[in-house]
Amino acid sequence: MTAAHPRRPPLRGHPARHHGGRRPPCLGPWILGGFLVLAPAALAGDDEPSSEARQPVLETPWFAFFSDFDFNLYDAVLASATERRRDQPESLHGECFAALVQEERSAWDAAVAYYSETVAATGDFSRERFIVRSRLAELGAELDDDDQRDLALSLLFLRAAAPAYRACRWPEQDAANRRWIAALAGRLERHADAIGERLERLYGRGWRSLPIAVDVVGTAGWAGADTIADRNIPTHVQITSRAPGYQGAAALEMIFHEASHEIVGPWNGPVAELLRAAAAEAGVELDRNLWHGLLFVSAGEVTRAVLEAAGETGYVPFAEAHGVFQALHEPLRTHWLPYLRGETGREEAARALVEAAAPPP
Ligand SMILES: [Zn+2]
């Protein structure tokens, strides 16, 4: 299991599709002057995968955790479509699935087939995935006509797949999500303030808005977690409740790791500026993964230190446990950890770090 990768505001790669100044589309019913007005039939609320209300399972001052049927259905269809693309056995195809009526099996398989040729054929932060995620997580992103057409089709297939998912996976997945959230709740209560406040000081900026919405799901993309951090919409995290690397105290680190993606990015934010200025001053090229290695080490080390101060010793941060960005470990250990421990200044640490991590000329 490797890292999560929010790369850039998701629509930035599609400038032709990114129009400013328009109101967000409303795909559900509108209330106008006391009358209920339905949106065009193809996009109306009836085509939503289900009508269950979206409520967090747990809301803390830092995070709001969801175990949402629609979002988990989307995650499962996308995961099965990815399996199909790789000619792997599809995980929903078991005894329960075989016992369903033909219509439910066919509808599920049609959804997986559609997704395997469309949404699953794109990258984690593609437009195709972003528009579905934005809608299901209620992020309110602006969508153009093409987005709305694609979204309507994606939602239509999710709706078709819902009965098979509800019968064969949802109760078990919902229970796993709720167990994961419950296990994290105590750690958040004990340590979230210490970790969050320390990270804000170290990064040099606080979070825009708390709590951050977190959808807990089975798979959450290839990495097991990722974050949309676009200044125009609320930050959104999805994270796996099933992957072994995201259990126990690692869940505490990784939830703050994901949240950190709002502040620490490759192009924007106080850390990007710090590293860019340090590289310019030192006259070296900036390693392209350094910002993310720095994020890993910061969230990991702060989590480890806070746990240790509370008497929970022996925590091994995620990057160390899983060998993420191994080539950067030594420079980060030598030059960034002293800053995290308060032994050196920020600029001084950044300067030494970019020099030690610079790719050979
Ligand atoms: Zn990350």
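Anything mentioned here points back to the structure above.
Observations concerning the sheet that holds strand β7 (residues 236-240)
Line of reasoning, step 1. The strand order across the open sheet built from 5 strands is β3-β4-β5-β7-β6, with neighbouring strands paired in mixed fashion. Of all strands in the sheet, those bounded by a partner on one side alone are β3 (58-59) and β6 (225-228).
Line of reasoning, step 2. Pairing between strand β4 (residues 63-66) and strand β5 (residues 212-217): 4 bridges, direction parallel. Bridge pairing in β5 places F63 opposite I212.

A short note on the packing of helix α6 (residues 170-203) against helix α9 (residues 290-309)
Line of reasoning, step 1. For the pair α6 and α9, interaxial distance at closest approach is 10 Å and the crossing angle is 140°. On the basis of their axis angle, the class for α6 and α9 is oblique. Relative to α9, the crossing made by α6 is right-handed. On α9, the residues that touch H191, A194, I195, R198, L199 and L202 of α6 are S298, A299, V302, T303, V306 and L307.

Re the nonpolar core
Line of reasoning, step 1. In this structure, V77, A111, Y115, A161, V214 and I255 are the most contacted members of the largest nonpolar core, which totals 98 residues.
Line of reasoning, step 2. Counting only domains with at least three residues in this core, you end up with domain 1 (15-217) and domain 2 (264-357).
Line of reasoning, step 3. Aside from chain neighbours lying at most four places away, what touches V77 is A111, V112, Y115, L158 and A161.

Some remarks on the environment of L100
Line of reasoning, step 1. In this structure, L100 sits in the loop between α2 (95-98) and α3 (102-117).
Line of reasoning, step 2. Between the alpha carbons of L100 and C168 there is a distance of 8.9 Å; along the sequence they are 68 residues apart.
Line of reasoning, step 3. When residues no more than four places from it in sequence are discounted, the contact partners of L100 are R105, A164 and A167.

Overview of the pairing of β6
Line of reasoning, step 1. On β6, burial covers both faces: A225 and T227 on one face and D226 and I228 on the other are all buried.
Line of reasoning, step 2. Note that β6 and β7 share 4 bridges and pair antiparallel. Paired with I228 across the bridge in β7 is H236.

Section: the pairing of β4
Line of reasoning, step 1. Here β3 pairs with β4 via 2 bridges, running antiparallel. Bridged to L58 within β4 is F65.
Line of reasoning, step 2. In textbook terms, the turn of a hairpin is the stretch between consecutive antiparallel strands, and for β3 and β4 this stretch comprises 3 residues.

Focus on the packing of helix α7 (residues 249-260) against α9
Line of reasoning, step 1. Following both chains from N to C, one finds α7 and α9 inclined at 140°, their axes separated by 9 Å at the closest point. The orientation of α7 with respect to α9, classified from their angle, is oblique. The two elements α7 and α9 meet at a crossing, and its hand is right-handed. Facing α7, whose interface residues are A249, L252, E253, F256, H257 and S260, α9 presents L295, F296, A299, G300, T303 and L307.
Line of reasoning, step 2. Along the lines of polarity and charge, the residues of the contact of α7 with α9 split into 7 nonpolar, 4 polar and 1 charged.

Cut-offs and rules
- Residues numbered from 1 in each chain as written.
- Predicted model: local features only at pLDDT ≥ 70, side-chain atom pairs only at ≥ 80, totals over all residues.
- Pairing = 2+ DSSP bridges.
- Helix = DSSP H or I, 4+ residues; strand = E, 2+ residues; numbered from the N terminus.
- Axes fitted to C-alpha atoms, helices over the stretch in contact; angles between N-to-C directions.
- Parallel < 35°, antiparallel > 145°, perpendicular 65-115°, else oblique.
- Left-handed = near helix turned anticlockwise from the far one by under 90°.
- Contact = placed C-beta atoms within 7 Å.
- Core = buried A, V, L, I, M, F, W, Y, C linked by C-beta atoms within 7 Å.
- Buried ≥ 20, exposed ≤ 12 C-beta atoms within 10 Å, placed from the backbone.
- Domains from an automatic or database assignment.
- Nonpolar A, V, L, I, M, F, W, Y, C, P; charged D, E, K, R; others polar.

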